[in-house]
Amino acid sequence: MRLKNPMCTVMWLVITVFLYPAARAQCDSNSIEVLVTDAMQQFEEKIMQKLQVQHMAVIEKQADSIKTLVYIIGNLLARQIEIPNPLTNMSSDLQHQSHTNREKYFDDEFHKLHNSNSTKEVIEKLAAHATNVQQMAESIKNLQIQTGQLNVGIELTSVKNESIERGKQNSKDVIPESCTTLNINATNSYSIRPARDVEPFLVFCDFENNFNLGGGWTMFQRRFNGSVNFFQNWTMYKNGFGDVNGEHWLGLEKLHVMTRSERHEMLVILEDHEGSSVYAHYDSFQIGSEAEKYKLTVGNYLGTAGGDSLSYHNGNKFSTFDQDNDEDDSNSCAKTYIGAWWFGYCALSHLNGQYRRKGEHLETQYHGVIWYRWKGSSYSLKSTKMMVRRRSG
């Protein structure tokens, strides 16, 4: 809204300065414009009535009002200091004056107006100032619009950040608890999150129908070429080592988290150097906590692996060369047989033993990858897979 009468412009600005901040909190932009327009029209009518009186005494009686208007104009101009982008249309002498100098400038202007014998001169002077004031008002309005846009931008950024955080939380929520809860049935590596109190971790999910036992198995041990050294310390066996897409040990702590609350079954697949494969299935499998030294608990055996070579280790604690938890007080089975296992006195199976390639796999006397019930103690196997799966019933 632009007023043709410069004096009205001044009045409009005065009203806007005093009324707009209070009204803004309760009204929208259309309501504010109506409010200002009505007030301005009433104010304009009163001022024009005053200006119709030609006697100088009347002007003098209005001196305080005029001075107030001049000071308002001065204060508005002085507010330029707080505005980030200075008005380019304001005269350079006012732009570079201090607040005190500006007040002095407007005092001088007031005295000139007060001593003037012409009402017309008063109006012209105020109109001249009104032009600058109008420019100031437009810049303030633009600044308010920019500020509003900035606030909207900040709010949108905040919403975006909240959405990202919510997305991160949701992404954690949708990570499957195990290989059996994946939405796809392709053998590959995936992240799982067995419990909310642990971070997701990578596992290899086997969906092959091994020995008609179905898929959805989580692999926790795999050996096939000797590329990974399994003669590791307690910390390494606790946290895991190797690559889940190759030879690896998933980690005792992960196995504990996976099996502590839900019932699991275990599948062991063995292969010899002549190309034959067999399996050993256990209908329950659980690993205790570190405080329990990751004690092994297995159920009933079923399979083609020549017999059960793991139940002998049922209830045993895990041992490494730096933590001897076996039942042989006179010997460290982990050190003697170069590996790590749930040793007793010492083993009927030891799938984490020293790897031996073909031609070196015979006459090992337990110094190898051993499953006694199938190949005896002097035959080191070519490959092994140890996998767990959550039971549905």
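Just above, that's the structure.
Note that the structure is predicted; figures quoted are calculated from it, not measured.

Student: Quick question: what am I supposed to make of the pairing of strand β7 (residues 277-287) here?
Tutor: It is a general feature of regular strands that their side chains alternate between the two faces of the sheet. Among the 11 residues in β7, 8 count as buried, and that is most of the element. With 7 bridges connecting them, strand β6 (residues 264-271) and β7 associate as antiparallel partners. Residue pairing in the sheet places valine 268 in a bridge with alanine 280 of β7. In the sheet, β7 pairs with strand β9 (residues 301-303) via 3 bridges, with the strands oriented antiparallel. By the bridge assignment for β9, histidine 281 is matched with leucine 302. Alignment of β7 against strand β8 (residues 296-298), held across 3 bridges, turns out to be antiparallel. Bridging across to β8, isoleucine 287 finds its partner in leucine 296.

Student: Explain the pattern of salt bridges here, please?
Tutor: Two side chains carrying opposite charge are able to pair once their charged atoms lie near each other. As enumerated under the stated definition, the model contains 6 salt bridges in all. The salt bridge partner of glutamate 177 is arginine 390, with a shortest N-O separation of 2.9 Å. Taken together, the residues span a long stretch of sequence, with glutamate 177 in the loop between α7 (119-174) and β1 (188-192) and arginine 390 in strand β12 (residues 383-390) at a distance of 213 residues. Classification of glutamate 177 as partly exposed rests on a relative accessible area of 38%. Residue lysine 238 pairs with glutamate 290 through a salt bridge whose shortest N-O separation is 3.0 Å. With lysine 238 in helix α8 (residues 234-239) and glutamate 290 in the loop between β7 and β8, the pair connects residues that are 52 residues apart, well separated along the chain. You can call lysine 238 partly exposed: its relative accessible area is 23%. Here glutamate 290 falls in the partly exposed class, since its relative accessible area comes to 29%. Sharing partners across several salt bridges, the network here consists of Glu265, Arg389 and Arg391.

What counts, and at which threshold
- Chains are numbered independently. Their residues run from 1 in the order of the written sequence.
- Totals for whole chains, interfaces and linings use every residue, but because this is a predicted model, local features are given only for residues with pLDDT of at least 70 and side-chain atom pairs only at 80 or more, for both listing and counting.
- Side-chain numbers here rest on the full set of heavy atoms in the structure, without hydrogens or water.
- Buried, partly exposed and exposed residues are distinguished by accessible area as a fraction of the type maximum, computed with a 1.4 Å probe on protein chains only: under 20%, between the cut-offs, and over 50%, respectively.
- Segments assigned H or I by DSSP are reported as helices when at least four residues long, segments assigned E as strands when at least two residues long, and all are numbered from the N terminus.
- In this analysis, strands are considered paired if DSSP registers two or more bridges between them.
- When a carboxyl oxygen of Asp or Glu is within 4 Å of a side-chain nitrogen of Lys or Arg, the pair counts as a salt bridge.

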